[in-house]
Number of protein chains: 2
Amino acid sequence: MISKFVKVLGVVIVMVSCGENETTSTSNVFNEPLASFNDGTAKENIMAFVSMVTDEGTEGYVEKENRIVVFDNDGTLWVEQPLPSQLYFAAAHLKQLASAGDYDWEAEMPYKAIVSDDQEAMKSFTKEDVIKIVGKAHASADVNTFGNLVNAWLDTATHPVLGRKYTDLVYKPMLELLEYLREHDFQIYIVSGGSMEFMRAWAPDVYGINKANIIGSTFKTKVDQNEDSIGLEQTEEFEFNDDHSGKVVSINKFIGQKPIMVVGNSDGDLEMMEYATTDVGYPTLMVYLNHTDAVREFEYNEKTLTGTLVQGKKVAEKNGWTIIDMKKDWTEVFVNK
Amino acid sequence: MISKFVKVLGVVIVMVSCGENETTSTSNVFNEPLASFNDGTAKENIMAFVSMVTDEGTEGYVEKENRIVVFDNDGTLWVEQPLPSQLYFAAAHLKQLASAGDYDWEAEMPYKAIVSDDQEAMKSFTKEDVIKIVGKAHASADVNTFGNLVNAWLDTATHPVLGRKYTDLVYKPMLELLEYLREHDFQIYIVSGGSMEFMRAWAPDVYGINKANIIGSTFKTKVDQNEDSIGLEQTEEFEFNDDHSGKVVSINKFIGQKPIMVVGNSDGDLEMMEYATTDVGYPTLMVYLNHTDAVREFEYNEKTLTGTLVQGKKVAEKNGWTIIDMKKDWTEVFVNK
């Protein structure tokens, strides 16, 4: 980003300093912004907002250091149906462990249901069961080992319905939105219900976002102290649920200030949107992605385990927030066809 | 930083693009680096390290995104004797509250000792007592209110021994070190035992470090949800102790990767230094500031409540880490005389 910025600026400076009079447009350096968005309210709202907060001449101008945008991940930046991808990783990893060794937990529920592919038992999984499974798959002697396992899985695993690699199921228009915001000096954060360690394994490469800017639910880590050396173990013990009001707590803790823009897709993103718009004296843009495309992706809102968007949609409509209708607003859905 | 960087680069580009042949040095744009350091091992080690990790031609080159440096705060970037400044704020704030209203806690220890200036009782304070006092001073209806209170106090309060404003007691050579590292594209983080909210109130302005990069001990926050609006309350309940091995946990959680350089001043910084140097395949620089200057500041190591440096010094000497001797290595100590 900096190199691109400097490159553009360099050109401008040269033009000015050498005394040439022609006005130089830098827009041709970049591709068309939001190219996979159809013209319509969603695209217009986003571009008008970015234009306003970056134009020093307007009342709505926001300094670079305050141009903070928060994205949810599952269902906002990549696919989350029929289940969030992290659950497929957890299931695959626990099965692999069970086939390679003997563990006490293999015979216990909810792990037993996963290891034995007991679909009937899985249907009655509680939220606690899901956390236990995700946690068990996290446990590793070193935090880096866990990241390597996730990436090894992503290299070969395919989505159970769409049949493509999970990283191919990142939304192309959202990558364009990330790039567009980056070009306008927004600081981009992910604040997701998914686990921080799971996302940090692959999301920096896929989204171009630093690990430090990727915030999620956490499982406890444990310091292993030896003489003159210290390691960090990843445990399976659940620590923090980064969803609903947990996202508000995380924004304060990890970012330290309110974002001016939030992009999400479910009721779990509503609290951080309300927090971001409560008692602020600057422009804000709240954006919901509505999954309306049963042909290219999935159509879901009310009829889903994760990604429910009911209360959030009501508030968004009442407040005039921006709603992206996937079916109508996107010319393409995924980054790789 | 970016504007300075761009300015320098702009000059270079202009010179080249306009076809002038003279070589342009950009070094005159900056002041002499580390100007308040005397020549000696400490300054040499720091400059040799920065030179190595930023020179693409060396084996020790480290990409910008991995040039992460972590600083402790109390006793590393500003004064911490006879007690960390945050305690003076807490005492002043609790006294002010007690004089202005009626609270149940006024009659309870340890708060009673503070409100009634009971020096004898304060001498037997436990660590838990100190946390209770700091916590009680944190409690406020809104996280921003707390920051405003801290800044109002800093505007007028003076240090009990040195008689100057606390922000005047920031170490000048350390500000120069921050600037020097910033110029070399290091990402700077604070990882401190002091409270995150206390530091985030003033440290962004004083050190030029974003709130998101300021990590410390935390007291819980509480989400206050009303219809269509959400606030975040700062409670007095202790959440996380960001000291000793807690700093290792924080580095993983907030930064997501090991720093290549750590600067601290006490045994509480030893674990993060050992973590940063365990099993890594790139150069690292561990720096301890040793408080040896009884005339200009304080001489302490073993004989102190906070800022003890005993085990850390042993490990530093054994491993050949860099030790800044305040008395010998610094021509000036504080940013404002």
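Calculation notes
- Residues numbered from 1 in each chain as written.
- Chains lettered and ligands numbered in written order.
- Predicted model: local features only at pLDDT ≥ 70, side-chain atom pairs only at ≥ 80, totals over all residues.
- Heavy atoms only, no water.
- Pairing = 2+ DSSP bridges.
- Helix = DSSP H or I, 4+ residues; strand = E, 2+ residues; numbered from the N terminus.
- Axes fitted to C-alpha atoms, helices over the stretch in contact; angles between N-to-C directions.
- Contact = heavy atoms within 4.5 Å.
- Core = buried A, V, L, I, M, F, W, Y, C linked by side-chain atoms within 4.5 Å.
- Buried < 20%, exposed > 50% of the residue type's maximum accessible area, 1.4 Å probe, protein only.
- Polar contact = N/O pair within 3.5 Å; in protein donor to acceptor, adjacent residues only side chain to side chain.
- pLDDT = per-residue confidence, 0-100.
- Parallel < 35°, antiparallel > 145°, perpendicular 65-115°, else oblique.
- Nonpolar A, V, L, I, M, F, W, Y, C, P; charged D, E, K, R; others polar.

Quick word on the sheet that holds strand 7 (residues 322–325) of chain A
All names here are of chain A. With respect to topology, 7 strands assemble into an open sheet ordered 4-3-2-1-5-6-7, the strand pairing being mixed. Sheet topology places strand 4 (229–240) and strand 7 at the edges, where each strand pairs with a single neighbour. Averaged over all pairs of adjacent strands, the angle between their axes in this sheet comes to 30°, without regard to strand direction. As paired elements, strand 2 (residues 187–195) and strand 3 (residues 214–226) share 3 bridges and run parallel to each other. When the bridges of strand 3 are listed, Ile190 appears paired with Ile214. The strands that helix 9 (residues 196–207) touches are strand 2, strand 3 and strand 4; relative to strand 3, the one it contacts most, it runs at about 115°.

Considerations on the nonpolar core
Phe71, Met174, Tyr207 and Met261 of chain B are the most contacted members of the largest nonpolar core, which has 64 residues in total. Take this core: its biggest share by element is 6 residues, from helix 9 (residues 196–207) of chain B. Among the nonpolar cores identified, the runner-up in size contains 62 residues, and Phe37, Val69, Trp202 and Met261 of chain A belong to it.

Re the sheet that holds strand 4 (residues 229–240) of chain B
Pairing between the strands of a sheet is mediated by backbone hydrogen bonds and can be parallel or antiparallel. All names here are of chain B. Within the open sheet, the 7 strands sit side by side as 4-3-2-1-5-6-7. Their pairing is mixed. Lying at the two open borders of the sheet, with one neighbouring strand each, are strand 4 and strand 7 (322–325). Strand-to-strand twist in this sheet, taken as the mean axis angle between neighbours without regard to direction, amounts to 30°. Sheet topology note: the strand 3 (residues 214–226)/strand 4 ladder contains 8 bridges and is antiparallel. Bridge pairing in strand 4 places Phe219 opposite Phe238. Lying on the sheet, helix 6 (residues 127–138) is in contact with strand 2 (187–195), strand 3 and strand 4; it crosses strand 4 at an angle near 170°.

Overview of the side chain of Ser192 of chain B
Residues and elements named next belong to chain B. Turning to its location among the elements, Ser192 is positioned in strand 2. Among the polar contacts listed, one links the side chain of Ser192 to the backbone nitrogen of Gly194, at a separation of 2.9 Å. Each residue touching Ser192, except ones within four places of it in the same chain, is listed here: Asp72, Asn73, Asp74, Met199, Ile215, Gly216, Ser217, Asp242 and Lys247.

A few points about the confidence of the model for chain A
All names here are of chain A. Per-chain confidence: chain A averages 90 in pLDDT, with 91% of residues scoring 70 or above. Counting contacts from residues 1–29, a segment whose pLDDT is below 50, to residues more than four positions away or on other chains yields 29 contacts. Note on the complex model: pTM 0.90, ipTM 0.89.

Points about the packing of helix 3 (residues 85–100) of chain A against helix 7 (residues 143–156) of chain A
When two helices pack together, their arrangement is captured by the angle between the axes and the distance separating the axes. All names here are of chain A. Closest axis-to-axis distance for the helix 3/helix 7 pair is 11 Å, and the angle between their directions is 100°. Comparing their axes, helix 7 and helix 3 come out roughly perpendicular. Here Ser85, Tyr88, Phe89, Ala92 and His93 of helix 3 come into contact with helix 7, specifically with Phe146, Leu149, Val150 and Trp153. Classifying every residue of the contact of helix 3 with helix 7 gives 7 nonpolar, 2 polar and no charged.

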